[in-house]
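Each chain is listed here by its residues.
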Amino acid sequence: MRVVDSVCKYICGDVRLHGGWSLVAGGDIIMVTAENAGEDEDSKSETGGGRIYMEDKLKMLPLLCCWAAERKAPRAWYGKLASLDDTSFFVQKLGKRLTIVLVYVDDILVTENDTAYITAFISELNNHFPVKDLGALHYFLGLEVSISSVGIFLSQFKYILDLIKKTNMVGCKPCSSPAVANAQLTYEGDLLPDPSSYTSIVGALHYFTWSRPEISFAVQQVCQFMSQPTTHHLTAVHRILRYLKGHIDFGICFTKGPMTLHGYSDADWAGAVTDSRSIGGFCIYFGSNPISWSAKKQATVSRSSTESEYKALVIAAAESYWICRLLIKDLHFTLSSSSRLGCDNVSSISLASNPVMHSKMKSLGVDFHYVRELVRLKLL
């Protein structure tokens, strides 16, 4: 994988997924950067937008760039991309050769199962606007990437260390878990005089969840009190920082494995004591590698544990289906079997497989039919 600088919306989950593809395809990851991306007069139009085509040798799909006004910082975004399921990357399929280009603002990640072709791609890209080849990928938007014979390791060591220094937690005592077991955060405690520092720290912690899934639940709890944080909430935030300090070198290692997609969903019925809403979560694996996860309070109150579990199952099913479409349509993968979802609630499983059960859970409405249709089409 190599890095090139250009324009687009970035999704960290794409880096995890594309890193897994690079392992399977045996390709390199290269980083490139575009020089003076907002000052290319040839790509501007009267409205500040222009269409760039890479058709000569690469036959890439059209890339629509909209350039900002000169008074603003140079930036660009796309109106049309190669992927219908994710607007953050281009995909080119020529025979057995597959090229993936992931773009964020003026940085581009390029991965290809033919190393020699990457150099030709960057050279052709340079013919349209100046780019700089930064070589093999090591650091990107706070994500540190280490590639070895074992696999690809993603971590945020430097980003975490910077936050610990910023919050004066260098001398704190590490702890073994990001949250106290069975503890619930409420609105008790004295209001903080300056909530902005709390929101800043929590925002940084939320970004850590891209490589540290084990803190997702603890972070979602402190995220619920952004408007009126108290001293108790700040203590919970400090505990997460103490945990990160003691486990600062943790991350995710992607290794080669089977071409399967599976996941798990779960819910804590009425787990939020402040409003009796349930906490739902899921984790999706590609082979043995986690590529997507979430822990989030559900939008509405569930009247039963079955309802809360089924809502979590629906969210996991939607995420699994989206990833499946991305793998098959855009990355041209062939999964060895249909994606599988695990759930520990017997009633929810019955709802997903037996349409007769629908009459007992009419309140779920659209959610019921969504999962049922995926099961009927053998997509789940």
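The structure we're discussing is the one just above.
The rules we used
Residues numbered from 1 in each chain as written. Predicted model: local features only at pLDDT ≥ 70, side-chain atom pairs only at ≥ 80, totals over all residues. Heavy atoms only, no water. Helix = DSSP H or I, 4+ residues; strand = E, 2+ residues; numbered from the N terminus. Contact = heavy atoms within 4.5 Å. Core = buried A, V, L, I, M, F, W, Y, C linked by side-chain atoms within 4.5 Å. Buried < 20%, exposed > 50% of the residue type's maximum accessible area, 1.4 Å probe, protein only. Axes fitted to C-alpha atoms, helices over the stretch in contact; angles between N-to-C directions. Parallel < 35°, antiparallel > 145°, perpendicular 65-115°, else oblique. Left-handed = near helix turned anticlockwise from the far one by under 90°. Arc of directions from axis to C-beta. Nonpolar A, V, L, I, M, F, W, Y, C, P; charged D, E, K, R; others polar. Expected span 1.5 Å × (residues − 1). Salt bridge = Lys/Arg side-chain N within 4 Å of Asp/Glu carboxyl O. Polar contact = N/O pair within 3.5 Å; in protein donor to acceptor, adjacent residues only side chain to side chain.

(A) Region of the structure containing the side chain of S265. Of note, S265 is situated in strand 14 (residues 261–268). For S265, the residues in contact, after removing those within four places along its chain, are G281, F282, A312, L313, A316, G342 and C343.

(B) Just the nonpolar core, in detail. Grouped together as the largest cluster of nonpolar side chains are 30 residues, with contacts concentrated most on F89, L137, L261, F286, L327 and L331. The element contributing the most residues to this core is helix 7 (residues 305–330), with 5 residues. The next biggest cluster of nonpolar side chains, apart from the first, holds 26 residues, and it includes I164, C172, C175 and I201.

(C) Inspection of the packing of helix 4 (residues 195–208) against helix 6 (residues 231–246) at higher detail. At a closest axis distance of 11 Å, the pairing of helix 4 and helix 6 adopts a crossing angle of 40°. As the angle between them shows, helix 4 and helix 6 are arranged oblique. In the packing of helix 4 onto helix 6, the handedness of the crossing is left-handed. Contact with helix 4, carried on its side by Y198, I201, V202, L205 and F208, involves H233, L234, V237, I240, L241 and L244 of helix 6 and no other residues of that element.

(D) Helix 3 (residues 157–166), seen in detail. Residues of helix 3 that are buried include every one of I160, L163 and I164, and no others. One side of helix 3 holds all its buried residues, which, seen down the axis, span an arc of 100°. Tucked into the core, helix 3 has its buried residues touching helix 4 and helix 6. Where helix 3 terminates, the next one or two residues include N168, which has phi positive at roughly 55°.

(E) Layout of the environment of F208. Position of F208 relative to the elements: it lies in helix 4. Judged by relative accessible area, which is 0%, F208 ranks as buried. In the structure, F208 is positioned 65 residues away from L143 in sequence and 9.3 Å away in space, judged by C-alpha atoms. Setting aside its immediate chain neighbours within four residues, F208 contacts Q156, Y159, I160, L163, I215 and L244.

(F) Structural context of unusual backbone geometry. Positive phi is not limited to glycine here, since N168 has a value of about 55°. Positionally, N168 belongs in the loop between helix 3 and helix 4. Exposure remark for N168: the relative accessible area of 68% places this residue in the exposed category.

(G) Inspection of the packing of helix 3 against helix 4 at higher detail. Where helix 3 meets helix 4, the axes come as close as 11 Å, and the angle between the chain directions of the two elements is 165°. Accordingly, the angle class assigned to the pair helix 3 and helix 4 is roughly antiparallel. The two elements helix 3 and helix 4 meet at a crossing, and its hand is left-handed. Contacts between helix 3 and helix 4 pair Y159, I160, L163 and K166 from the former with S200, I201, A204, L205, Y207 and F208 from the latter. For the contact of helix 3 with helix 4, a count of residues per class yields 8 nonpolar, 1 polar and 1 charged.

(H) How the structure looks around helix 2 (residues 115–126). Taking 1.5 Å per residue as the helical rise, helix 2 with its 12 residues ought to reach 16 Å, and the 18 Å between its terminal C-alpha atoms agrees with that figure. Restricting attention to buried positions, one finds in helix 2 the residues Y117, I118, F121, I122, E124 and L125. For helix 2, the arc enclosing every buried residue in end-on projection is 160°, short of the 170-degree limit, so these residues lie on one face.

(I) Seen up close, the pattern of salt bridges. If you walk through the whole model with that rule in mind, you get 5 salt bridges. Notably, a salt bridge pairs D162 with K158, separated by 3.2 Å at the nearest N-O pair. Of this pair, D162 and K158 both sit in helix 3, 4 residues apart, roughly one helical turn. K158 sits in the partly exposed class, given a relative accessible area of 43%. With its nearest N and O atoms 3.5 Å apart, the salt bridge here joins E307 to K311. Of the two residues, E307 and K311 both sit in helix 7, 4 residues apart, roughly one turn of that helix. Given a relative accessible area of 7%, E307 falls into the buried group. For K311, a relative accessible area of 12% translates into the label buried. One connected set of salt bridges, linked through shared partners, spans D275, R277 and K297.

(J) Structural context of the side chain of Q220. Within the secondary structure, Q220 sits in helix 5 (residues 216–223). Here Q224 takes part through its side chain, which lies 2.9 Å from a polar atom of the side chain of Q220. Excluding residues within four positions of it along the chain, Q220 makes contact with I279, A295, K296 and K297.

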